[in-house]
Amino acid sequence: MEANTDPSAEVGRIQHPEYIAEWRELPDQIVLKRETTRLIETVLTQLADKHRVVFVLRDVEGMSVRETANAMRIIEVNVKVRLLRARLQLREQLTRSFDGAAMRVQRASLLRRPNRTRALSAYAGFSAFNAP
């Protein structure tokens with residue numbers, strides 16, 4: 001017992017723990033990250049193969065557009081299109097999972113071209129508002 005309390009036995013030697021837990025994050029944040037990771041993996045499996053492969057090569061592996069195109073034997077434009085589609089599908093599925101009350105996009109309003117008359121009247125109103 002004296003050997004354990006003898007200060008001369010430990011001079012110059014500081015004991016360090018072998019394992020240190022990450023304390024920057026709270027346990028609930030760690031669990032949330034794990035659940036999010038599982039959700040992303042699940043959503044990725046629902047993508048078409050051509051979209052999933054491009055997403056993984058570009059966003060997970062960090063390959064360039066050119067490297068991805070060469071690996072898949074497709075042109076660079078197709079890599080960009082497939083990546084966009086994969087990201088949009090992932091975004092939609094994750095939005096549905098995280099927030100059930102997410103706003104539904106009205107496709108008709110997205111496809112409608114701006115009305116020239118409406119644009120001109122808005123401009124006239126703006127210029128009248130800013131008139132000296």
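Quick notes on the rules
Residues numbered from 1 in each chain as written. Predicted model: local features only at pLDDT ≥ 70, side-chain atom pairs only at ≥ 80, totals over all residues. Heavy atoms only, no water. Helix = DSSP H or I, 4+ residues; strand = E, 2+ residues; numbered from the N terminus. Expected span 1.5 Å × (residues − 1). Buried < 20%, exposed > 50% of the residue type's maximum accessible area, 1.4 Å probe, protein only. Contact = heavy atoms within 4.5 Å. Salt bridge = Lys/Arg side-chain N within 4 Å of Asp/Glu carboxyl O. Patch = residues over 30% accessible without salt bridge, like charges linked within 9 Å, V, L, I, M, F, W, Y side chains within 5 Å. Areas by Shrake-Rupley, 256 points an atom, 1.4 Å probe, with all protein chains shown as cover.

A. Expanded view of helix α5 (residues 76-98). Its 23 residues give α5 an end-to-end C-alpha distance of 32 Å, which sits within 8% of 33 Å, the value for a rise of 1.5 Å per residue. Of the positions making up α5, those classed as buried are Val79, Arg82, Leu83, Ala86, Leu90 and Leu94. Contacts from the buried residues of α5 go to α2 (27-46), α3 (49-60) and α4 (65-72).

B. Seen up close, the pattern of salt bridges. Counted by the stated rule, this structure contains 4 salt bridges. Residue Asp59 is joined to Arg87 by a salt bridge in which the shortest nitrogen-to-oxygen separation is 2.7 Å. Residue Asp59 is located in helix α3, and its partner Arg87 is located in helix α5; the two are separated by 28 residues in the primary sequence. By relative accessible area, Asp59 is classed as partly exposed at 35%. A salt bridge links Glu92 to Arg96; the shortest N-O distance between them is 2.7 Å. Separated by 4 residues within a single helix, Glu92 and Arg96 lie in helix α5, roughly one turn from each other.

C. The arrangement of a nonpolar patch on the surface in detail. Among the surface-exposed residues, Ile75, Val77 and Val81 lie close enough to one another that they form a single nonpolar patch of about 250 Å² accessible area. Examined against the element boundaries, Val81 turns out to sit in helix α5. Taking relative accessible area as the criterion, Val81 reaches 31% and is therefore assigned partly exposed.

Keep in mind these values describe shape, not function.
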